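Each chain is listed here by its residues.
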Amino acid sequence: MTVAISDLVKSYACQDHGPVRVLDIPHFALGAGEQVALTGGSGSGKTTLLHLIAGILLPDQGRIVFADGVDLVRLPEAQRDVYRGRNIGYVFQRHHLLPGFTALENVLLGMGFSGRRPDPAWARHLLEQVGLGERLHHRPRQLSVGQQQRVACARALANRPPLVLADEPTGALDEANANQVLELIGGLCRELKASLLIATHDARVVAALPRTVALAGLNRQPA
């Protein structure tokens, strides 16, 4: 088991109607090395769930327990940030690369979030694995959208995390780039024996992963 959720509830304030409960999940677990597609329509709460698992958001109640016994919900914000940097890789739909830094520097900066010393050799290896070995010193504006997303994949794996979360990573890509990015994320996670949870409504992602979980099936709250 990489992470297990229990009795997780998250609501958002709504000016006209008071708090609106978005998530109410009795139980969900992701096994070690498992690769899972989390499906649901836009606005169903997929991104919220990923942000909760990553400790970017806090739930109203519930537990998010990792294999080492850490309950992320119980940690103060600063400790959550450090824990995320060391244990969780995150691939956003939009790459969120820093425009003034090269591909290599963006990956090295990702390593800095863990509080550990950056490892340039590993950063280069990751970029070579995603086919960007000859573009280490290119800035984002010099790369295609697909190449930028590949840098983002490398950055997410920079700290060898046991868990990788990906939020619609193929949503902004054409079919060729989407397939390539999906293969790269899956391949890098297999290399690291990391668990992978991809929030998606892309049929290509669902077809490529061995397990699919519908958020509506987890959630007691109607989506």
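This text goes with the structure placed above it.
Note that the structure is predicted; figures quoted are calculated from it, not measured.

**A few points about the overall build of the protein**
Helix and strand content of the protein: eight helices and eight strands. A compact globule built from 223 residues should have a C-alpha radius of gyration of about 17 Å, and the protein, at 17 Å, falls within 12% of that. Considering only C-alpha atoms, the protein reaches an extent of 50 × 35 × 35 Å along its principal axes. Relative to its full complement of 223 residues, the protein shows a buried share of 51%.

**A word on a nonpolar patch on the surface**
On the surface, Leu-98, Phe-101 and Leu-109 cluster together to form a nonpolar patch covering roughly 230 Å² of accessible area. Here Leu-109 is to be found in helix H3 (residues 103–112).

**Notes on the nonpolar core**
Among the nonpolar cores identified, the biggest contains 38 residues, and Val-107, Leu-127, Val-151, Val-164 and Ile-198 are the most heavily contacted of them. A per-element tally of this core places helix H6 (residues 175–192) first, with seven residues. Excluding residues within four positions of it along the chain, Val-107 makes contact with Ala-123, Leu-127, Val-151, Ala-154, Arg-155 and Ala-158. Listed in part, the 30 residues of the second largest apolar core include Leu-23, Val-36, Leu-50 and Leu-52.

**Here's the deal with the pairing of strand S1 (residues 3–12)**
For S1, the buried fraction is high: seven of the ten residues fall into the buried class. Two elements, S1 and strand S2 (residues 20–30), share nine bridges in a ladder whose sense is antiparallel. Within S2, the residue paired with Ser-11 across the bridge is Arg-21. Here five bridges tie S1 to strand S4 (residues 61–66), and the two strands are oriented antiparallel to one another. By the bridge assignment, Val-9 is partnered in S4 with Gln-61.

**As for the pattern of salt bridges**
The tally for this structure, following the rule as stated, stands at nine salt bridges. Here Arg-84 makes a salt bridge to Asp-81, at a shortest N to O gap of 3.2 Å. Pair noted here: Arg-84 and Asp-81 are both in helix H2 (residues 77–87), with a separation of three residues, about one helical turn. Of the charged contacts, one joins Asp-119 and Arg-160 as a salt bridge, the two residues approaching to 3.8 Å between their closest N and O atoms. Taken together, the positions of Asp-119 in the loop between H3 and helix H4 (120–129) and Arg-160 in the loop between helix H5 (145–156) and strand S6 (163–167) put the pair 41 residues apart, joining distant regions of the chain. You can call Asp-119 partly exposed: its relative accessible area is 28%. Here the salt bridges do not stand alone but share partners, grouping Arg-21, Asp-24 and Arg-220 into one network.

**Structural notes on the side chain of Lys-10**
For Lys-10, the location among the structural elements is in strand S1. Here Lys-10 is buried and forms no salt bridge, its nearest opposite-charge partner Asp-60 lying at an N-O distance of 4.4 Å. Once residues within four sequence positions are removed from consideration, Lys-10 is found in contact with Val-20, Arg-21, Val-22, Leu-23, Thr-48, Leu-52, Leu-58, Pro-59 and Asp-60.

**As for the sheet that holds S2**
If you walk across this open sheet you meet the three strands as S2-S1-S4, and the pairing is antiparallel. The outermost strands of the open sheet, each flanked by one partner alone, are S2 and S4. Mean inter-strand twist for the sheet, computed between neighbouring axes without regard to direction, equals 20 degrees. Strand contacts of helix H1 (residues 46–54): S1, S2 and S4, with the helix running at about 120 degrees to S1, the strand carrying the most contacts.

Conventions adopted
Residues numbered from 1 in each chain as written. Predicted model: local features only at pLDDT ≥ 70, side-chain atom pairs only at ≥ 80, totals over all residues. Heavy atoms only, no water. Helix = DSSP H or I, 4+ residues; strand = E, 2+ residues; numbered from the N terminus. Rg over C-alpha atoms; globule rule 2.2 N^0.38 Å. Buried < 20%, exposed > 50% of the residue type's maximum accessible area, 1.4 Å probe, protein only. Patch = residues over 30% accessible without salt bridge, like charges linked within 9 Å, V, L, I, M, F, W, Y side chains within 5 Å. Areas by Shrake-Rupley, 256 points an atom, 1.4 Å probe, with all protein chains shown as cover. Salt bridge = Lys/Arg side-chain N within 4 Å of Asp/Glu carboxyl O. Core = buried A, V, L, I, M, F, W, Y, C linked by side-chain atoms within 4.5 Å. Contact = heavy atoms within 4.5 Å. Pairing = 2+ DSSP bridges. Lys, Arg positive; Asp, Glu negative; His and termini not counted. Axes fitted to C-alpha atoms, helices over the stretch in contact; angles between N-to-C directions.

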